[in-house]
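# Structural overview
Okay, here's what each chain looks like letter by letter:
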Amino acid sequence: MVDRRRRSVRTALVAEALRVALAGRAQTDPAGGLDIVDLGGGTGGFAVPLAVEGHRVTVVDPSPDALASLERRARDEGVSELVRGVQGDAAELPGLAGKATADAVLCHGVLEVVDDPAQALLAMASVLREGGVLSLLVAQRNAVVLARALAGHLAEARVALQDPEGRWGAADPMPRRFDEAGITGELAEAGFDVRTVHGVRTFADLVPAAFVDSEPRAGEALAELERAASEHPAFRAIATQLHILATR
């Protein structure tokens, strides 16, 4: 129960912002239902709910096991005809999804691990139609500096602060992290127009699980706090992730 509450808090803001952006895009499509590409969408945590809302979603992911789970989830929700799983990665995206075929591209937790982030952003831009929406979720450098310091790993915190990729050492499993100025600059170079930037998981990773479990309304209160802080520049700067909505 605790894990579900914390996951809900961590994803609610992204889902809400994405829903608003897609609603705006849908106004330009009188036929209803958008064509969406979910890069690295795995088992369909975002893709299947979007299909339930009537959108056509192509999930591009390198893991056959994740795509098998996606197929089962889509079948269980009765949206198999709206969800397509394709094995591949960011570099193959234009060939797999087709150029200028998507109204929206989701890229959540992927840019940190691709071989070439700049190339991946160009690939995403190429599959979007004019005015299409990019939903980008990336790990933020400042948050790991704070997290390592609070855990007592002060030397690692200093390394992460100074490392060009925002890594705290050779054992860090994350290949890279971003700061707001850096990622918005890369988006601009790829031809995107940044619309909104929100901080995600500013407090959710810091509040003890025992507290969320013991207080009946703690989950709701935490979600409200996250929502209130998400656009505040000072708190956005220390959020674990940045959620950026941009258009092509």
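Residues numbered from 1 in each chain as written. Predicted model: local features only at pLDDT ≥ 70, side-chain atom pairs only at ≥ 80, totals over all residues. Heavy atoms only, no water.

Here the focus is the domain arrangement of the protein chain. By domain assignment, the protein chain separates into domain 1 (1-140 + 178-247) and domain 2 (141-176). Look at where the C-alpha atoms of domain 1 and domain 2 centre, and you get two points 24 Å apart. Ranking the residues of domain 1 by area buried against domain 2 places Glu112, Gln140 and Ile238 at the top, with a combined share of 42%. Inspection of the region where domain 1 meets domain 2 yields zero salt bridges. Where domain 1 touches domain 2, the interface holds seven residue pairs in polar contact (both at pLDDT 80 or more). Residue composition of the side of domain 1 that touches domain 2, grouped by class: ten nonpolar, two polar and three charged. (Domains from an automatic or database assignment. Buried area = accessible area lost by both parts, 1.4 Å probe. Salt bridge = Lys/Arg side-chain N within 4 Å of Asp/Glu carboxyl O. Polar contact = N/O pair within 3.5 Å; in protein donor to acceptor, adjacent residues only side chain to side chain. Nonpolar A, V, L, I, M, F, W, Y, C, P; charged D, E, K, R; others polar.)

In this structure the tally under the stated criterion is one aromatic pair. Where Phe203 meets Phe235, the ring centres are 5.7 Å apart and the plane angle is 50°; that geometry is what we call tilted. Pair noted here: Phe203 is in the loop between strand E6 (193-200) and helix H9 (209-214) and Phe235 is in helix H11 (residues 233-236), with a separation of 32 residues, a long-range link. Relative accessible area serves as the criterion here: at 18%, Phe203 is assigned to the buried category. The class for Phe235 is partly exposed, based on a relative accessible area of 33%. (Phe/Tyr/Trp six-rings, centres within 6.5 Å; stacked < 30°, edge-to-face > 60°. Helix = DSSP H or I, 4+ residues; strand = E, 2+ residues; numbered from the N terminus. Buried < 20%, exposed > 50% of the residue type's maximum accessible area, 1.4 Å probe, protein only.)

If you look at the biggest cluster of nonpolar residues, it comprises 32 residues, and the most contacted ones within it are Leu93, Leu111, Met124, Leu134, Leu136 and Ile183. Those elements that place two or more of their residues in this core are strand E1 (35-39), helix H4 (93-97), strand E4 (102-108), helix H5 (117-127), strand E5 (128-139), helix H8 (180-189) and strand E7 (241-247). The dominant element in this core, judged by the number of residues it contributes, is H5, at six residues. Setting aside chain neighbours within four positions, we find Ile183 in contact with Leu111, Leu136, Val138, Phe178, Leu242 and Ile244. (Core = buried A, V, L, I, M, F, W, Y, C linked by side-chain atoms within 4.5 Å. Contact = heavy atoms within 4.5 Å.)

In this section: helix H6 (residues 141-150). Among the residues of H6, Arg141, Ala143, Val144, Val145 and Arg148 are the ones counted as buried. In the stretch just after H6, Gly152 is the one whose phi turns positive, near 90°.

Tracing the backbone through its elements, the reader meets Leu111 in the loop between E4 and H5. Each C-alpha atom, one on Leu111 and one on Ala139, is 8.8 Å from the other, the two residues being 28 residues apart in sequence. When neighbours within four sequence positions are excluded, Leu111 is seen to be in contact with Pro117, Ala120, Leu121, Met124, Leu136, Val138, Arg176, Phe178 and Ile183.

Attention shifts here to the environment of Gly166. On the secondary structure map, Gly166 appears in the loop between helix H7 (154-162) and H8. By relative accessible area, which is 0% here, Gly166 ends up buried. Distance in space between the C-alpha atoms of Gly166 and Arg141 is 5.1 Å, their sequence separation being 25 residues. Apart from the residues lying within four places of it in its own chain, the contact partners of Gly166 are Arg141, Val144, Ala160, Asp172 and Arg177.

Below, the discussion takes up the pattern of salt bridges. This model, assessed by the stated rule, comprises twelve salt bridges. Linking Arg19 and Glu53 is a salt bridge whose minimum nitrogen-to-oxygen distance equals 3.4 Å. In this pair, Arg19 sits in helix H1 (residues 2-26) while Glu53 sits in the loop between helix H2 (47-52) and strand E2 (56-61), placing the two residues 34 residues apart along the sequence. You can call Arg19 partly exposed: its relative accessible area is 45%. With a closest N to O distance of 2.9 Å, Arg129 and Asp103 form a salt bridge. Pair noted here: Arg129 is in strand E5 and Asp103 is in strand E4, with a separation of 26 residues, a long-range link. A residue is classified by how much of its surface remains accessible, and Asp103, at 5% relative accessible area, is buried. One continuous salt-bridge network, built from bridges that share partners, spans Arg25, Asp35, Arg56, Asp103 and Arg129.

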